[in-house]
Structure formats: C-alpha cells, structure tokens
Amino acid sequence: MIIVMKIGADESQVQETIDKIKDLGFGTHVSKGENRTIIGVIGDVSSIDESDVERLRATPYIEKIVRVTKPYKLVSRDFNKQDTVIDVDGIEIGGKKIVVMAGPCTVESKEQIINIAKEVKSSGATFLRGGAFKPRTAPKDFQGLGEEGLKFLLEAKEQTGLPIVTEVMDTRDVELVSEYADVLQVGTRNMQNYSLLKELGKCDKPVLLKRGMWATLKEFLSAAEYILAGGNKNVILCERGIRTFSDFTRNTLDLSIVPVLKSESHLPVIVDPSHGTGRKDIVKPMALAAIACGADGVTVEAHTDPQKAISDADQTISTSDLHGLMGEAKYISRVFGREI
Ligand code: PEP
Ligand code: MN
C-alpha cells in the first residue's frame, strides 16, 4: 500500500501518518520527492481493515492511497515517479547518457584484461565488464580466476579509469567482490537466489540484476524488490534473453520488456545483446535496437582476440567492432534524445 501525501504536507503531518500506520502494526518506507512525500506501508496489508484505510483516506493532507496488489512495491513507478539515477564514480546510470559496459566474458590474465580495458576506454564505452567468478554450466569448464581476477580488474581500472562491473555468485563472496567492484552483477542463474539478493540488499554497491532466463516480469521485479527491501536502492535491471523454442539464437532477446520495465519501474534498464543472442553477428543491431526502445545502456562482451576467448567466444565481438558499435550507438542515441 502506498500513501501519497498532498503537495505541501509538512513534517509533522508526515510523522502523524507514519505513527498511524505504526499503530496499525505496519512498517513504513518514506520517499521524499521534490514536491511531495510518499509513504510505502511495509507488511502484509491484505489483512488491513478497509475502515482503517477509509479513515486514513479522509485525512486532509493525504492525496491518495493506492492499494498495491503487485508483489513489488519499492521498485514500482507508483512508489517513485522519478527515474532512479545511479552515480558510479561520476558516471550516471539511468540519466540522459547511455552507458556502455564492455569487456570479456571472463578475466583470463592480467595482460588480457588490461589490453581489452585500454580498447574499451578508447572506444568511448563507460564501464569495464569481466567475470572473475564464472557461473559455468559444467563443473569441468573454467570457473574464473577468483580473487586474482578481481585484482587484475582493479589494475585495469587504475590504468584506464573505467569502473568495474563483475559478477558475485555466492553470499560468502559479497564482501570480497565489493572491495574491488563498482557494480556487483547478479547473473541470470542467480536471479532467484534469495539469500544472495538479501545479502546484496545490505550492501552499499549498486547491483546489476540480470533477468532469469525463465523469469516473468513479475518474478524479475520481485527479485529486484528483495534488494530494495533490504535497503539498497541502487539496482539496475538487465534484460539478457530468455529461453524459447526459437533455435537460431542462444536465447531470445526480449526487447519488448524494456519499455514495459521503464513504465512499471523507476529503476534503470540495460540490455545484454551478447548473452541475449549468443551470436556476435547480431550483437550490434540488437544493441542499437535496445537504445532505440528506451534502454539506459547496454553490456556487451568484447575481446581483443575473440576466437581465443576462454568462454562465450561465439558471442564476443572484437574490440575493433566495439569501436564501430560505439559510433553507431552515438548516432542512434541522438535520434532518441539521448547521448553517449
Ligand atoms: C555474464 O555476463 O558473463 C553472464 C554469465 O551472464 P548471464 O548471467 O546473463 O548468463
Ligand atoms: Mn559470458
């Protein structure tokens, strides 16, 4: 349930409302906008008596009360009309500028990540991505360099100034990965790892939450709700393809969810055309399409020598193709009133 205070409602009126809700046995989450305050009621409001809601509704300084039946509230537009803009080292995610995260699937060596980072930087992309902890389908597959990989990422950041996006797979690693990463990625397979989501809710680093390859809109936003409910408001939603019967791509990139996420939620939305398609030949058109349909950014796998990439070689573009992608992305962004 969401309580929208009237414009001009003062501190004491907001406090009075909070006290009334507390008396009814519920918690509150207060969001102060430029003009008005919105109070989210936390707890199972399905049990709340309609007469209590009516009494609150009759209060002169309350504009309206919305009984949200959706399983997510804090992530919803009803709760926060303004777009959430996340600041990472002075780079805004969710603002006018499109962010481009680029880098290899996996950090393979110090030399590899530093060389790629230099190319990512000169292409004009804004973040360096790369996995040190890798969620591989088979246990015999390369699992990532772990902390050593994080150290190499940090060195690449020191040399280029690019902030780092890297995956955290396990609650036990959240503290460690947070020491190195600027944005913590939750992979598709962990979208409903509720222990991990709760742990990230307590964390002060932005979280890039990838859509489960099976997840509905409701499940995706409910997963994000876990992180916000824990106190971390900085969540970036990422469409990365879903499983369908279609057999010419690794996944079906569901671009139609982008404008829906933007209207349902105030959180920034980015798109991953690499995992979304599994095909390097269509990464660029899908990245451009993502910007055209309202995404706040893209994340792409790029490598100086894609054929030699340890993982996801088929979907990894060359860093020279990344330069080309950036040029066209700049143009498309301008067409849609954005910038890179
Ligand atoms: C990745 O970004 O490297 C990755 C493993 O992505 P996903 O979780 O979407 O498969
Ligand atoms: Mn990958």
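Residues numbered from 1 in each chain as written. Chains lettered and ligands numbered in written order. Predicted model: local features only at pLDDT ≥ 70, side-chain atom pairs only at ≥ 80, totals over all residues. Heavy atoms only, no water.

Every protein donor of the manganese ion (ligand 2) is accounted for by Cys 105 (SG), His 275 (NE2), Glu 301 (OE) and Asp 312 (OD), and the metal-donor separations fall at 2.0 to 2.4 Å. Counting residues between consecutive donors of the manganese ion (ligand 2) along the chain gives the motif C-x169-H-x25-E-x10-D. Of this pair, His 275 sits in helix α9 (residues 273-277) while Glu 301 sits in strand β14 (residues 297-303), and the two are 26 residues apart along the sequence. Considered together, His 275 and Glu 301 belong to a single accessibility category, that of buried residues. (Donors = N, O, S within 2.8 Å, 3.2 Å for Na, K, Ca; no water. Helix = DSSP H or I, 4+ residues; strand = E, 2+ residues; numbered from the N terminus. Buried < 20%, exposed > 50% of the residue type's maximum accessible area, 1.4 Å probe, protein only.)

This part covers the pattern of salt bridges. By the definition in use, this model includes 27 salt bridges. With its nearest N and O atoms 3.1 Å apart, the salt bridge here joins Arg 250 to Asp 312. Within this pair, whereas Arg 250 is found in the loop between β12 (235-239) and α8 (257-264), its partner Asp 312 is found in the loop between β14 and β15 (317-318), the two being separated by 62 residues in sequence. Judged by relative accessible area, which is 39%, Arg 250 ranks as partly exposed. For Asp 305, the salt bridge goes to Lys 308, with nearest N and O atoms at 3.2 Å. Each member of the salt-bridge network shares a partner with another, and the members are Glu 50, Glu 54, Arg 57 and Arg 67. (Salt bridge = Lys/Arg side-chain N within 4 Å of Asp/Glu carboxyl O.)

Here Leu 217 is to be found in helix α7 (residues 217-229). A C-alpha to C-alpha distance of 35 Å links Leu 217 and Thr 304, two positions 87 residues apart in sequence. Those residues in contact with Leu 217 that sit more than four places away from it in its chain are Ile 257, Val 260, Leu 261 and Glu 264. (Contact = heavy atoms within 4.5 Å.)

With that out of the way, let us pick up the domain arrangement of the chain. How big an interface is tends to be reported as the loss of accessible area on association of its parts. Taken as a whole, the chain is organised into domain 1 (2-66) and domain 2 (86-335). Placing a centre on the C-alpha atoms of domain 1 and another on those of domain 2 gives a separation of 37 Å. (Domains from an automatic or database assignment.)

The next thing to look at is the pairing of strand β11 (residues 207-210). The side-chain alternation of β11 yields two buried faces, one formed by Val 207 and Leu 209 and the other by Leu 208 and Lys 210. Handedness of the crossover joining strand β10 (residues 183-186) and β11 through helix α6 (residues 194-201): right-handed. Here four bridges tie β11 to β12, and the two strands are oriented parallel to one another. Across the sheet, the residue bridging to Leu 209 is Leu 237, located in β12. (Right-handed = clockwise from strand over helix to strand, strands pointing away. Pairing = 2+ DSSP bridges.)

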